[in-house]
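Listed below, chain by chain, are the residues.
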Amino acid sequence: MSDTPNYKDRKLVNTASQAILKVIKPGDVVNQVVERKWWQFWLAVTYTAIQWHQKKLFGKDSNWKDTHTMLYFDKNNTFSVEMPKATLKPLREYCLSNLSIYRLRLTKLTPDYIKTLKAAAQRMVGEDYDIGQLLDIAINDLLGYDHQRPLTIFDFGRKKKVCSVGVRVAFEYLYKKRIKTEDSRPRKWLFYKLNPKKWPPEAIQNYKGTDVEATSPAHFANSDYFSNEFELIARFENGKQVFPK
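Residues numbered from 1 in each chain as written. Predicted model: local features only at pLDDT ≥ 70, side-chain atom pairs only at ≥ 80, totals over all residues. Heavy atoms only, no water.

Glancing now at the overall build of the protein. When helices and strands are tallied, the protein shows seven helices and seven strands. Residues classed as buried in the protein amount to 46% of the 245 residues present. Once local pairs closer than 6 in sequence are excluded, the contacts in the protein between residues at least 24 apart make up 74%. Surface exposure of the protein reaches about 13100 Å², of which carbon and sulfur atoms provide 50%. (Helix = DSSP H or I, 4+ residues; strand = E, 2+ residues; numbered from the N terminus. Buried < 20%, exposed > 50% of the residue type's maximum accessible area, 1.4 Å probe, protein only. Contact = heavy atoms within 4.5 Å. Areas by Shrake-Rupley, 256 points an atom, 1.4 Å probe, with all protein chains shown as cover.)

Looking now at the pattern of salt bridges. Under the defined criterion, the tally for this structure stands at five salt bridges. Note that arginine 168 and glutamate 172 form a salt bridge whose closest N and O atoms lie 2.7 Å from each other. Residue arginine 168 and its partner glutamate 172 are located together in helix H5 (residues 164-179), separated by four residues, close to a single helical turn. The two residues arginine 168 and glutamate 172 agree in class, both being buried. (Salt bridge = Lys/Arg side-chain N within 4 Å of Asp/Glu carboxyl O.)

Turning our attention to the side chain of threonine 116. With respect to the helices and strands, threonine 116 occurs in helix H3 (residues 111-122). Aside from chain neighbours lying at most four places away, what touches threonine 116 is Tyr173, Leu174, Lys177 and Arg178.

Here it is, written out as structure tokens:
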């Protein structure tokens, strides 16, 4: 595996943070291909499982390598569901990672909308639950969804909920509280419709939307497989912008 980024190099961290701050905006989704330390063998199993699932789901030509999803608010606060608890972390703690920035296309995220997103995130922060427990509570308390119906093609496993679900919860909370009207369609907001250019007819015929708890990092990275909910804004590696060049 590649060398761990040197976060002790303050000049490098500051330069990287400034470069990212030039393009990132509040409400942007940050996907990472997370590097692990050599001794964190359990993470190797987890990340491999996520990538295998995403590659199987979206195909080898998709963006299937991302293993972590976060929600950016400002340079001191990025929402991240990680062990042992969900947290708000500063940009300087992940600015040297292999990261991609995605921006919502469905609506403009006004300051009031950002406040609602952050309120949802803050209600998930600081609780010492494992990921499965935390996200079950988030889905029930924040959204009130009956998420226990059997999952279909997007099932990653009842005990393998991942970080991206927390980000999805925040967006669905925004939709429920601020955007949804009586005339809105009776489904969840994100990933509700399949792009017929990307899926076989039988998948489209049986599709009823992606459950909140089945959301993976690759859903945000491959929204063109749905309704183009998100746009890729930039990619960075070790603090250097590699897309767009």
